[in-house]
Amino acid sequence: MNGNTERAETNVASGPPPLIVGLGSHHGDDQAGWMVIEQLEAIGHPAEFLLRIAHSVDLLDRASPGQPLIVCDACQGSGTAGRITRWLWPSDQVAALRHCGTHDLSLGEVLQLGRTLDCLPERIEIWGIEGINWSSASEPSQAVKQAVVELAQRLSGVERHA
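Bear in mind the structure is a predicted one, so any value in this text is a computation, not a measurement. (Residues numbered from 1 in each chain as written. Predicted model: local features only at pLDDT ≥ 70, side-chain atom pairs only at ≥ 80, totals over all residues. Heavy atoms only, no water.)

Draft legend 1. Focus on helix α5 (residues 142-155). The first and last C-alpha atoms of α5 sit 20 Å apart over 14 residues, in line with the 20 Å expected at 1.5 Å per residue. All buried positions along α5 are accounted for by V144, A147, V148, E150, L151, A152, R154 and L155. (Helix = DSSP H or I, 4+ residues; strand = E, 2+ residues; numbered from the N terminus. Expected span 1.5 Å × (residues − 1). Buried < 20%, exposed > 50% of the residue type's maximum accessible area, 1.4 Å probe, protein only.)

Draft legend 2. The pattern of salt bridges, seen in detail. Inspection of every chain in the model, using the stated rule, returns 4 salt bridges. Salt-bridge contacts for E41 lead to R52; the nearest nitrogen and oxygen are separated by 2.7 Å. Within this pair, whereas E41 is found in helix α1 (residues 32-42), its partner R52 is found in strand β2 (residues 50-53), the two being separated by 11 residues in sequence. Owing to a relative accessible area of 37%, R52 belongs among the partly exposed residues under this scheme. Across the salt bridge formed by R154 and E150, the nearest N and O atoms sit 3.1 Å from each other. One end of the pair is R154 and the other is E150, both in helix α5 and 4 residues apart, which spans about a single turn. You can call E150 buried: its relative accessible area is 16%. (Salt bridge = Lys/Arg side-chain N within 4 Å of Asp/Glu carboxyl O.)

Draft legend 3. Seen up close, the nonpolar core. Formed by 21 residues in total, the largest nonpolar core has its most connected members in L59, L69, L111, L120, I124 and I126. Taken together, the elements giving at least two residues each to this core come down to β1 (19-23), β2, α2 (59-62), β3 (69-75), β4 (84-89), α4 (107-117) and β5 (124-130). Counting residues in hydrophobic clusters, the runner-up holds 19 residues, among them I20, M35, L40 and A74. (Core = buried A, V, L, I, M, F, W, Y, C linked by side-chain atoms within 4.5 Å.)

Draft legend 4. Seen up close, unusual backbone geometry. A cis amide bond links W89 with the next residue in sequence, P90, at an omega value of 5 degrees. Structurally, the position occupied by P90 is in the loop between β4 and α3 (92-96). The phi dihedral of D118 is positive, around 55 degrees, even though this residue is not glycine. On the basis of relative accessibility, which here comes to 58%, the residue D118 falls in the exposed class.

Draft legend 5. Region of the structure containing the sheet that holds β4. The strand order across the open sheet formed by 5 strands is β2-β1-β3-β5-β4, and the pairing between neighbours is mixed. The two strands at the open ends of the sheet, each matched to only one other strand, are β2 and β4. Pairs of neighbouring strands in the sheet enclose a mean axial angle of 20 degrees, with direction left out of account. Note: β3 against β5, 7 bridges, orientation parallel. Opposite D73, over in β5, you have G128 as the bridge partner. Packed on one face of the sheet, α4 meets β1, β3, β4 and β5 and runs near 20 degrees to β4. (Pairing = 2+ DSSP bridges. Axes fitted to C-alpha atoms, helices over the stretch in contact; angles between N-to-C directions. Contact = heavy atoms within 4.5 Å.)

Below is the structure:
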C-alpha cells in the first residue's frame, strides 16, 4: 500500500448502493476518474452503479438525494503523484480547491449548487488521485495508473454510505 495513501472507511449500511462516478478527460492524469470506473467494471462491479462523466455539472442530472454518491477525480496540489486523498462533502477543503481542470465548473462549485438545489445526497464521498501530467491526449503517469488500481480495489464490493 502506498505510504501516502489515506485509509478507506467501510461503513456498511442498509439502503441503496452508492453511485460511483468517475470524472475525467482525455488529458493525461485527468483520466484517473474514468480509469477507476474501468477497473471497477473489469472486476465485476455492477454497471448500473458506475458512471463516467466529463463535466462535473452532469452530477446534477445523474445523482439523486436518496442514493449515496462517490466521486473519483484527478487532483493537483495535494501531494506527490499517485497519492489518494478522501474528502467528505460538505468540505471547506473541496470548496477551496483551485479549479485547474478541463471541466466547465469545479467539482466544489457543482456540489455547492447541488446542495442549494437539493438534488444531491447530503454527504458525498470524494476520492482524489494526485496527478502530474495534464498534456492533451497523453498517457496517464505510472503513479496514477497504480493508484487507480488501488482505489478501485478499495471501492469494489463495498456497499457504503458517504
